[in-house]
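Chains, contacts and geometry: an overview
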Amino acid sequence: MTAMGRIRAVMMLALGTVAMAASPGPAVSADFVPAVVYDMGGKFDKSFNEAAYRGAERFAHDTGIAYRDFGVTNETQREQGLRTLARRGATVVVAMGFAQAAPLEKVAREFPDTKFCLIDEKLDLPNVRSLTFKEHEGSFLVGILAAMASRTGTVGFVGGMDIPLIRNFLAGYEQGVRHTRPDGAVIVNMAGTTPTAWRDPARGAELAVSQFGRGADVVFAAAGATGLGVLQAAADAGKLGIGVDSNQNHLHPGKVLTSMIKRVDVAVYDCFAAARAGTWTAGHQALGLKEDGVGYAIDEHNRALISPAMEKAVEEARAGIIAGTLTVQPYQP
Amino acid sequence: MDDALTTVLLLLDSTIRVATPLVLAAFAGLYSERAGVVDIGLEGKMLAGAFFAAATASAMGNPWLGLAAGVAAGVALALLHGFACITHNGNQVVSGMALNILVAGLAPTLAFAWFSQGGQTPLLPGSARLPSIVFPGVDAMAGVPVIGPAYAILFDEVNVLVLLAGAVVTVTGFVLYRTRFGLRLRAVGENPAAVDTAGLPVARLRYQALVVTGVLSGMAGAYLSIAHGAGFVRDMTAGKGYLALAALIFGKWRVGPTLLACLLFAFTDAVQIRLQGVALPVVGVIPVQAIQALPYALTVLLLAGFVGRAVPPKASGQPYVKER
């Protein structure tokens, strides 16, 4: 054996020892690789995607297991992101947003051993868990609050892209407003019909200002980053905004009436936790008030805006919906 | 009657707000294209202006520094465009498009590196945004019919950049048609060889035009991020640079018609916002998609039927090469 060969042999032995020593310890976590693919808007959109980010961060914090993520910057990257993460050995992948259903359908078939969780859309495959939210139930509650906070009796709604999901927010909101004020009016605007509608705050502000001009004094924004412009315009005009998906009350303290919360963070956390514990199942779950999947936010930033009477009314409605005595119709296309 | 008046006034108010960035960007394009440099990079310059204005305003807490930074970013990109296609005779469309792509990627990347908020800047507080001017006498005029509400709705709060845009239009009309600089600028876009023969520097004139372009497009971007809006969001110009370019072509590269084209685009947009979900007589509620296509359908109709041929400046798009 030459000197060189000997050194190489020693090195290989050493490496082998290191590898063997390393494998039993972190093996548990190395085998389990959770991942998230965010949708357009990005993980700091202060709304839908950010909720997933918080859920994933909490999982990482609680378990010490690092997760992988992928930020989509244009529509063609969704499939690429899902496939890349699956190929690189992710155990469970969360796909955020209704638009990932089509790419996920392809990728999930290619990687039957990888578990996928799809948020906001249904997909019937043996390795996909679909989680949708009963947005209409949460929107019903903020509709009640909007109608009670409104002085003019007219409230506004600014949606992002005009899709059934957003119409579902609207359907619940309208029912909530009418439930409280049968004569109440809802002014509706959609920011657009293309994905650009999710990230055009200037347009959101313009839509909100137009609604204020027509008498609205509370406006509910279900429009991703476009909604930031809506809330901004409401704060500028001295009106009230209502946030969506994440708790957005802190964006303009005292100017955001409440936020319609979708517990996307809980859904992501549960998806990871179930996959880790081995209790993960495929199928569809619709999360509503009963499952604590949707709700409204009260914190120190909007405490003063919610009167005891408002809180009582909204809690009554909540209890009614959970008990089944009060039904909220979802959007019917 | 009162309701109808208020509706019309609100539409006009909205038109002015939506038109402001279009006017600034279209007039930015007017300077460079009249000087013979095609500028398809308005979108990129606006986006850069929006980003640097918001980033600076957020870091320093001063909107005027933000505006200065936005303008500086616009000028820097305009000069880069000039370096590529005036100094080095590059293709003007390619260079402009390259700027658009560069900024679309660079702005979110820098935002991510500096603010770690996923390609956005933090939301700006009121003190870091360009102020609105409250015109005096709104209350005093309130009793006067027609003029009272008109004054109250249109002039109660006007952002400084809206006023500045108005000034830009007036000044441009004067400069382009009434000054020596304007004459030379137009000449260099029509027949640079003649300008050269007269002993004037073609390249320097075109660079001067591009600096003005940079200033105005930077302002257009700043309007979006620190005046009308409050912070930078990825791709926030959302095609307004291209729309401004369309308005410029629509306006046949002239001051008055270009202004009108911008106002028309903004007005149809304001109308479509107002018409969404409203039941109209006879037809009922029109689907959102159809209403949102209204501005574009109108543009096609007008372009095809009423405007006639849009003839660009003769030397536009061609680099000037002195024959030797």
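Residues numbered from 1 in each chain as written. Chains lettered and ligands numbered in written order. Predicted model: local features only at pLDDT ≥ 70, side-chain atom pairs only at ≥ 80, totals over all residues.

Re the overall build of chain A
Where we set the bar: Secondary structure elements follow DSSP: runs of H or I of four or more residues count as helices, runs of E of two or more count as strands, with numbering from the N terminus. Here a residue counts as buried when 20 or more other C-beta atoms fall within 10 Å of its C-beta, as exposed when 12 or fewer do, and as partly exposed in between; the C-beta atoms come from the backbone. Placing a C-beta atom from the backbone of each residue, one calls two residues in contact when those atoms lie within 7 Å.
Counting its regular elements, chain A contains 11 helices and 12 strands. Dimensions of chain A, computed from C-alpha atoms along their principal axes, come out at roughly 95 × 40 × 40 Å. Scored against the burial criterion, the 333 residues of chain A give a buried share of 55%. Pairs at least 24 residues apart make up 67% of the contacts formed inside chain A by residues separated by at least 6 positions.

Comments concerning the overall build of chain B
The following threshold applies: Both definitions apply: the radius of gyration is a C-alpha atom measure, and the globule rule equals 2.2 Å times residues to the power 0.38.
If you tally the helices and strands in chain B, you get 14 helices and four strands. Over its C-alpha trace chain B gives a radius of gyration of 21 Å, about what one expects of a compact globule, namely 20 Å for 324 residues. If you line up chain B on its principal axes, its C-alpha atoms span 70 × 50 × 40 Å. Looking at chain B as a whole, 47% of its 324 residues qualify as buried. Sequence separation of 24 or more characterises 76% of the internal contacts of chain B that already satisfy a separation of 6 or more.

A look at the domain arrangement of chain A
All names here are of chain A. The condition is simple: Residue ranges for the domains trace back to a domain assignment, done automatically or taken from a database.
Domain annotation for chain A reports domain 1 (27-133 + 265-287) and domain 2 (135-262 + 302-323). Inter-centroid distance (C-alpha atoms) of domain 1 to domain 2 is 28 Å. Counting residues at the interface gives 12 residues for domain 1 and 15 residues for domain 2. The biggest single contributor to the side of domain 1 that touches domain 2 is helix α3 (residues 48-63), with three residues.

As for unusual backbone geometry
All names here are of chain A. Residues other than glycine seldom take positive phi values, yet Asp245 does so here, at roughly 70°. Here Asp245 is to be found in strand β9 (residues 240-245). Not every positive phi belongs to a glycine, and Asp292 is a case in point at roughly 65°. Mapped onto the secondary structure, Asp292 falls in the loop between β11 (283-287) and β12 (294-296). By the C-beta count within 10 Å, which is 12 here, Asp292 ends up exposed.

Focus on the interface of chain A and chain B
Here is the rule: Any residue outside Ala, Val, Leu, Ile, Met, Phe, Trp, Tyr, Cys, Pro, Asp, Glu, Lys and Arg is labelled polar, Gly included; the first ten of those are nonpolar and the last four are charged.
Taken together, the contact between chain A and chain B spans 26 residues of the former and 25 residues of the latter. At the level of elements, β7 (185-192), α8 (201-213) and α9 (226-237) of chain A are the ones that each hand at least two residues to the side of chain A that touches chain B. Broken down by element, the side of chain A that touches chain B gets its largest block of residues, eight residues, from α8(A). A per-class count over the side of chain A that touches chain B returns 11 nonpolar, nine polar and six charged.

Brief notes about the sheet that holds strand β8 (residues 218-222) of chain A
Within a sheet, each strand pairs with its neighbour through backbone hydrogen bonds, oriented either parallel or antiparallel. Residues and elements named next belong to chain A. Stated formally: Strands were regarded as paired on the criterion that DSSP finds at least two bridges between them. Throughout, an axis means a line fitted to C-alpha atoms (over the contacting stretch in the case of helices), and angles, computed between N-to-C directions, take values from 0 to 180 degrees.
Strand order across the open sheet formed by six strands is β7-β6-β8-β9-β10-β12, with mixed pairing between neighbours. Sheet topology places β7 and β12 at the edges, where each strand pairs with a single neighbour. Going from strand to strand, the sheet's axes swing by 15° on average, the running direction of each strand aside. Packed onto the sheet, helix α7 (residues 164-180) meets β6 (154-161), β7 and β8 and runs at close to 170° relative to β6.

Structural notes on the pairing of β6(A)
All names here are of chain A. Note the threshold: Crossover handedness is defined here as right-handed if the route from the first strand over the helix to the second strand goes clockwise, with the strands pointing away from the viewer.
Most of β6 is tucked away: eight of the eight residues are buried. Two elements, β6 and β7, share seven bridges in a ladder whose sense is parallel. By the bridge assignment, Thr154 is partnered in β7 with Ala185. Note that the unit made of β6, α7 and β7 has a crossover that is right-handed. Alignment of β6 against β8, held across four bridges, turns out to be parallel. Each bridged residue has a counterpart across the sheet, and for Gly156 the counterpart in β8 is Val219.

Some points on the packing of helix α2 (residues 42-60) of chain B against helix α11 (residues 240-250) of chain B
Residues and elements named next belong to chain B. Our working definition: Our angle categories are set so that under 35 degrees counts as roughly parallel, over 145 as roughly antiparallel, 65 to 115 as roughly perpendicular, and the remainder as oblique. Handedness of each helix crossing follows the sense of rotation of the near helix against the far helix: counterclockwise by less than a right angle gives left-handed, clockwise gives right-handed.
With their axes 7 Å apart at the nearest point, α2 and α11 run at an angle of 135° to one another. Taken as axis vectors, α2 and α11 run oblique relative to one another. Judged by the twist between their axes, the crossing of α2 over α11 is right-handed. In this structure, α2 uses Leu42, Glu43 and Met46 to contact α11, whose residues at the interface are Lys240, Gly241, Tyr242, Ala244 and Leu245.

Describing the environment of A:Ala60
Residue and element names in this part refer to chain A. Here Ala60 shows up in helix α3. For the pair formed by Ala60 and Cys117, sequence separation is 57 residues and the distance between their alpha carbons is 17 Å. Beyond its immediate chain neighbours, meaning those up to four positions away, Ala60 contacts Ile65, Ala66 and Tyr67.

Focus: α2(B)
All names here are of chain B. Threshold: Helices are assigned an expected span. That span is 1.5 Å times one less than the residue count.
Look at α2: 26 Å from first C-alpha to last across 19 residues, which is about the 27 Å you get at 1.5 Å a residue. Of all 19 residues in α2, 17 are buried, a share of seventy percent or more. One or two positions beyond α2, positive phi appears at Gly61, with a value near 75°.

What to know about the environment of A:Arg303
Turning to its location among the elements, A:Arg303 is positioned in the loop between β12 and α11 (308-323). According to the C-beta neighbour criterion, A:Arg303 is exposed, with 12 such atoms within 10 Å.

Some words on the sheet that holds strand β3 (residues 92-96) of chain A
All names here are of chain A. As summarised here, the arrangement of the six strands in space is β2-β1-β3-β4-β5-β11, forming an open sheet in which the pairing is parallel. Where the open sheet ends on each side, the last strands, each with one partner, are β2 (68-71) and β11. Strand-to-strand, the axes of this sheet are offset by a mean angle of 15°, without reference to chain direction. Note that strand β1 (residues 34-38) and β3 share four bridges and pair parallel. Residue Val37 lies in a different strand from β3, and its bridge partner there is Ala95. Its contacts with the sheet place helix α4 (residues 77-87) against β1, β2 and β3, and it is angled at close to 175° to β1.

Observations regarding the confidence of the model for chain A
Note the threshold: Every residue carries a pLDDT, the predictor's confidence in it, which falls somewhere between 0 and 100.
Residue-level pLDDT values for chain A average 87, and 91% of them are 70 or greater. Low confidence marks residues 12-29 of chain A, where pLDDT is under 50. Its contacts with residues over four positions away, or in another chain, come to one contact.

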